[in-house]
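Working through the structure, step by step
Listed here are the chains, written in short residue letters.
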Amino acid sequence: MTTASTRTPSATDNRDVSGPPALSADHLYRFYRAGEEETLALQGVSLSVRAGEMLAIVGPSGSGKSTLLACLAGLDEPAGGTVTVAGHRLSHQPERSRAQLRARHIGILLQSRNLLPHLNLLANIKLAQAATRLPARRPAASELLEQVGLGDRARALPRQLSGGELARAGLAVAVANDPEVILADEPTGELDGDTEQQVLTLLRQRVSDGAALLVVTHSADVTRAADRVLTLFDGKVQS
Ligand code: ADP
Ligand code: MG
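Since the model is a prediction, treat every value here as computed from it, not as a measurement.

1. Side note on the overall build of the protein chain
Across its full length, the protein chain carries seven helices and 10 strands. Here the protein chain, with 239 residues, has 51% of them falling under the buried criterion. Within the protein chain, contacts between residues separated by at least 24 positions form 71% of all contacts whose residues are at least 6 apart in sequence.

2. Some details on helix H5 (residues 163-174)
In an α-helix, one turn spans 3.6 residues; hence positions three or four apart end up facing the same way. The end-to-end C-alpha distance of H5, which contains 12 residues, comes to 17 Å, matching closely the 16 Å that a straight helix rising 1.5 Å per residue would cover. In terms of burial, H5 is largely enclosed, as 11 of its 12 residues are buried. Of all the positions in H5, only Gly 164, Glu 165, Leu 166, Ala 167, Arg 168, Ala 169, Gly 170, Leu 171, Ala 172, Val 173 and Ala 174 are classed as buried. Buried-residue contacts for H5 involve strand S6 (106-110), helix H3 (121-130), helix H4 (141-147) and helix H6 (193-208).

3. Some remarks on the sheet that holds strand S1 (residues 23-34)
Here four strands make up an open sheet; going across it, the order is S2-S1-S4-S5 and the pairing antiparallel. For this open sheet the edge positions go to strand S2 (37-49) and strand S5 (88-89), each flanked by a neighbour on one side alone. By the bridge criterion, 10 bridges tie S1 to S2 in an arrangement that is antiparallel. Paired with Leu 23 across the two strands is Val 49, which belongs to S2.

4. Re the nonpolar core
Core analysis: the biggest nonpolar cluster contains 38 residues, and Met 54, Ile 125, Leu 145, Leu 203, Leu 213 and Val 215 have the highest contact counts within it. Broken down by element, this core gets its largest block of residues, seven residues, from H5. Among residues more than four places away in sequence, those in contact with Met 54 are Leu 200, Arg 204, Val 207, Leu 213, Val 215, Val 222, Ala 225, Ala 226, Asp 227 and Arg 228. Counting residues in each nonpolar core, the second largest holds 29 residues, with Leu 47, Leu 69, Val 181 and Ala 212 among its members.

5. Quick notes on the site of ligand 1
Near ligand 1, the surroundings consist of Tyr 32, Thr 39, Ala 41, Pro 60, Ser 61, Gly 62, Ser 63, Gly 64, Lys 65, Ser 66 and Thr 67. Note that an oxygen atom of ligand 1 is positioned 3.2 Å from one of the backbone N or O atoms of Ser 63. In the environment of ligand 1, an oxygen atom lies 2.8 Å from a nitrogen or oxygen atom belonging to the side chain of Lys 65. Protein chains shield 58% of the accessible area of ligand 1, which is 560 Å² for the free molecule.

6. Comments concerning the confidence of the model for the protein chain
Here the protein chain averages 89 in pLDDT, and 89% of its residues register 70 or above. Overall, residues 1-15 carries pLDDT values under 50, and its contacts beyond four positions in sequence, including any with other chains, amount to 31 contacts.

7. Side note on the environment of Gly 107
In this fold, Gly 107 is placed in strand S6. Relative accessible area serves as the criterion here: at 1%, Gly 107 is assigned to the buried category. Separated by 66 residues in the primary sequence, Gly 107 and Val 173 place their C-alpha atoms 8.0 Å from one another. The residues contacting Gly 107, other than those within four sequence positions of it, are Ala 174, Pro 179, Val 181, Ile 182 and Leu 183.

8. What to know about the pattern of salt bridges
Scanning the model with the defined rule gives nine salt bridges in all. Here Glu 95 and Arg 102 are joined by a salt bridge, their closest N and O atoms 3.6 Å apart. Under the relative-accessibility criterion, Arg 102 is labelled buried at 13%. Connected through shared salt-bridge partners, Glu 95, Arg 98 and Arg 102 make up one network.

9. A word on the layout of surface pockets
Of the pockets and cavities examined, the largest pocket occupies roughly 430 Å³. As for the largest pocket, its lining consists of 21 residues, and the residues nearest its centre are Ile 106, Ile 108, Asn 114, Ala 128 and Val 173. Elements with a minimum of two residues in the lining of the largest pocket: helix H2 (95-105), S6, H3 and H5. The element that contributes the greatest number of residues to the lining of the largest pocket is H2, accounting for five residues. Here the lining of the largest pocket is composed, by residue class, of 14 nonpolar, five polar and two charged.

10. A few points about the environment of Glu 146
Within the fold, Glu 146 resides in helix H4. The class for Glu 146 is exposed, based on a relative accessible area of 51%. For the pair Glu 146 and Ala 172, spaced 26 residues apart in sequence, the C-alpha separation works out to 9.3 Å.

Cut-offs applied
- Position numbers for residues count from 1 along each chain, tracking the sequence in the order it is written.
- For naming, the first written chain is A and the first written ligand is 1, with later ones following in the order written.
- Only residues with pLDDT of at least 70 are given local features in this predicted model, and only at 80 or more are side-chain atom pairs given and counted; all residues enter the totals for whole chains, interfaces and linings.
- With hydrogens and water set aside, each side-chain value is computed from the structure's full complement of heavy atoms.
- In DSSP terms, a helix is any run of H or I states spanning at least four residues, a strand is any run of E spanning at least two, and both are numbered starting from the N terminus.
- When a residue's accessible area, from a 1.4 Å probe over protein chains only, is under 20% of the maximum for its type it is buried; when over 50% it is exposed; and in between it is partly exposed.
- We call two residues contacting when some pair of their heavy atoms lies within 4.5 Å.
- Working rule for helices: expected span equals 1.5 Å times residues minus one.
- When DSSP finds at least two bridges between two strands, those strands are taken to pair.
- Put simply, buried Ala, Val, Leu, Ile, Met, Phe, Trp, Tyr and Cys residues joined by side-chain atoms within 4.5 Å make one nonpolar core.
- Only a single heavy atom is needed: when it lies within 4 Å of a molecule or strand, its residue is near that molecule or strand.
- Counted as a polar contact is a pair of N or O atoms within 3.5 Å, where, for protein atoms, one must be capable of donating a hydrogen and the other of accepting one, and residues adjacent in sequence contribute only when both atoms are in side chains.
- Calculation of accessible area relied on Shrake-Rupley with a 1.4 Å probe; when residues are assessed, cover is drawn exclusively from the protein chains displayed.
- Along the chain, pLDDT gives the predictor's confidence residue by residue, from 0 to 100.
- One speaks of a salt bridge when a side-chain nitrogen belonging to Lys or Arg is within 4 Å of a carboxyl oxygen belonging to Asp or Glu.
- Using a grid of 1 Å spacing that covers the protein atoms alone, one calls a set of points a cavity when a 1.4 Å probe fits there but cannot get out, and a pocket when the set is open and has protein on both sides within 12 Å along at least five of seven lines; lining residues are those with an atom within 4 Å of a point.
- Grid points are joined across faces, edges and corners, and a volume is the space filled by probe spheres set on the points.
- Here the term charged refers only to Asp, Glu, Lys and Arg, the term nonpolar to Ala, Val, Leu, Ile, Met, Phe, Trp, Tyr, Cys and Pro, and the term polar to all other amino acids, Gly among them.

If you want it as structure tokens, here you go:
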């Protein structure tokens, strides 16, 4: 396995427009069958996101956004097509390989939170970091909590946090391994305006540091902050 990385640590403009995309999907198909009924959730979706780019995915409920995100994260397998992350093929690999690639290269931020309820914030981050089995090149767990303004809540359990604090803690876990790619499914869906701005600012900061961000959203503010917007309709990208 090669260790292709499109991350560039320069402080000013980290956009890498020359290299391969950090994440790409080529003609993804995904069907769901329930008895006689077949739902065509994804019908040939292709997209790519580069390092230092934020892509927003919008579209009505049922258009396939969550299915797409699950395939891009390697949590679900497309029936057809390929997903490539940081130069590695993610789709049509054994579950173990997908889990490794996901842990190393992808940060996932979901509306239903990515924190384990019985572990404090520090332990949640350390658990995410332990999943990669890589030598530690990433920021310390306490440093990650500082970055999202939760330095003084390291020993708190998720249930002891406010909604806004939970959202920021979820973000700290998502970026615990300094991922090239961040996938977010309506990360600000349940948040008030101020908290949405905080989370958006933190995400944009990651993008200017060179991460590729793909975010599914219904929020006009999040869409405005994106470099590019794709609309999904009936499992297809609308042009
Ligand atoms: P969105 O996130 O845009 O609301 P989804 O990806 O959740 O859309 O769903 C796309 C389509 O696939 C919908 O018609 C939905 O009902 C269907 N679908 C999603 N998940 C399943 C599933 N596990 N079993 C059957 N149908 C599903
Ligand atoms: Mg959805």
